[in-house]
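# Reading the structure
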Amino acid sequence: MSVAALLLSVNVDHVATLRQARHVDYPDPVEAAAVAEAAGASGITIHLRGDRRHIQDSDLERLGAAVRGKLNLEMAASEEMIAIACRARPHQVTLVPERPEELTTEGGLDVSSQLPRLLAGAERLRAAGIEVSLFVDPDPKRIDALAPFSGGLASGIELNTDAYTRAVGGFAASRRAEVARSADMGAAMGFRIYAGHGLTAANVGGIAAIRRIEELNIGHALISRAVILGLAGAVREMLQAMGTARDASRAAAAGPSTTG
Ligand code: PXP
């Protein structure tokens, strides 16, 4: 049996977090997206939050023009966000729950409690030609509740791996089994299966081995690792700039050169 390759969508939110910490124009998530795609990412994910704490509306617009693979926009199913998405038309929108005070997305959607609003939002996105995915916890009840979206309204679901990534010892195996079972259930309902949240190079193996999963969505650990892996090059670049300026000022202090 052939097993399809597992794709990686790189979430560049935290490149924008660094930029917004100083309200400057670097680092640029669009530049980061190009680096990630050149390194093999199948696409780019961003979360446009109501409070605009990292990604800005202009980033969405620029990424829409720059990303070569799939641009996946995570957002709440609010009136404001649906209107923005329908104008920007990313390839895919992943609907997520959003609480203003949360540090990061805290769990999957409770679809049953807000079904009419989510269905209406998904219908508008589909009408604009945007693929819809729903971020859900790997819980059979939550997967069953997605039935109204099967048959084309949502093309995929993203399974929340947060509980798996936080589990210790033997609990990780049972958390992983929940993800695998939910992946089977979702696939049987006709959804493409994605997964993400909290994944690192150290814990990704258990999830990457689940063959139903097509694509992983990873952000924080990748951007964190990039800071460490990239720091040596950045220090060398800075020392070079400092040295060049100091050499020039030394030469100026020494006066006009007498050698031809
Ligand atoms: N999937 C969803 C729905 C998310 O909200 C996030 C965080 O923005 C991720 C995946 C990526 O999580 P992490 O940054 O922990 O890799």
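The structure displayed is predicted, hence computed values, not measured ones.

Assigned secondary structure in the protein chain consists of 10 helices and 8 strands. Taking the principal axes of the C-alpha coordinates as reference, the protein chain spans close to 85 × 45 × 40 Å. Taking all 260 residues of the protein chain together, 41% fall into the buried category. In the form shown here, the protein chain has an accessible surface area of approximately 13,900 Å², with 57% of it arising from carbon and sulfur atoms. The centroid of the 27 positive side-chain charges in the protein chain is displaced by 3 Å from the centroid of its 30 negative side-chain charges.

Every buried residue belonging to helix H1 (residues 13-20) is among Asp13, Val15, Ala16, Arg19 and Gln20, and all of these are buried. Around the axis of H1, the buried residues are gathered within 160° of arc, so they sit on the same side.

This brings us to the site of the ligand. The environment of the ligand is made up of 15 residues, and the closest members are Thr105, Glu158, Gly198, Gly219 and His220. Within the contact set of the ligand, an oxygen atom lies 3.3 Å away from a side-chain nitrogen or oxygen of Asn11. Within the side chain of Glu158, one N or O atom sits 2.5 Å away from a nitrogen atom of the ligand. For the shell around the ligand, a count of residues per class yields 3 nonpolar, 9 polar and 3 charged.

Below, the discussion takes up helix H10 (residues 220-253). A rise of 1.5 Å per residue sets the reference length of H10, with its 34 residues, at 50 Å; its end C-alpha atoms lie 48 Å apart and thus fit the reference within 8%. Maximal helix bending in H10 amounts to about 45°, located at Gly230. Downstream of H10 by one or two residues, Gly255 has phi in the positive range, about 85°.

Taken together, the side chains of Leu231, Val235, Met238, Leu239 and Met242 define a hydrophobic patch exposed on the protein surface, amounting to about 490 Å² of accessible area. Of note, Val235 is situated in helix H10. Classification of Val235 as partly exposed rests on a relative accessible area of 41%.

Attention now moves to the sheet that holds strand S7 (residues 192-196). Within the closed barrel, the 8 strands sit side by side as S1-S2-S3-S4-S5-S6-S7-S8. Their pairing is parallel. Direction aside, neighbouring strands of the sheet carry axes that sit 25° apart on average. Taken together, the 3 bridges between strand S1 (residues 7-11) and strand S2 (residues 43-47) define a ladder with parallel strand orientation. Within S2, the residue paired with Val10 across the bridge is Ile44. Packed on one face of the sheet, helix H8 (residues 171-188) meets strand S6 (156-160), S7 and strand S8 (213-218) and runs near 170° to S6.

What follows concerns the pairing of S2. Burial analysis of S2 places 5 of its 5 residues in the buried class, which makes it a mostly covered element. Residues of S2 alternate between two faces, with Gly43, Thr45 and His47 on one and Ile44 and Ile46 on the opposite face, all of them buried. Direction of pairing for S2 relative to strand S3 (residues 70-75): parallel, over a ladder of 5 bridges. Paired with Thr45 across the bridge in S3 is Asn72. For the crossover that starts at S2, traverses helix H3 (residues 57-66) and ends in the parallel S3, the hand is right-handed.

Thresholds, definitions, all that
Residues numbered from 1 in each chain as written. Predicted model: local features only at pLDDT ≥ 70, side-chain atom pairs only at ≥ 80, totals over all residues. Heavy atoms only, no water. Helix = DSSP H or I, 4+ residues; strand = E, 2+ residues; numbered from the N terminus. Buried < 20%, exposed > 50% of the residue type's maximum accessible area, 1.4 Å probe, protein only. Areas by Shrake-Rupley, 256 points an atom, 1.4 Å probe, with all protein chains shown as cover. Lys, Arg positive; Asp, Glu negative; His and termini not counted. Charge placed at Lys NZ, Arg CZ, Asp CG, Glu CD. Arc of directions from axis to C-beta. Near = heavy atom within 4 Å. Polar contact = N/O pair within 3.5 Å; in protein donor to acceptor, adjacent residues only side chain to side chain. Nonpolar A, V, L, I, M, F, W, Y, C, P; charged D, E, K, R; others polar. Expected span 1.5 Å × (residues − 1). Bend = angle between axes of the 7 residues up to and from the residue. Patch = residues over 30% accessible without salt bridge, like charges linked within 9 Å, V, L, I, M, F, W, Y side chains within 5 Å. Salt bridge = Lys/Arg side-chain N within 4 Å of Asp/Glu carboxyl O. Pairing = 2+ DSSP bridges. Axes fitted to C-alpha atoms, helices over the stretch in contact; angles between N-to-C directions. Contact = heavy atoms within 4.5 Å. Right-handed = clockwise from strand over helix to strand, strands pointing away.

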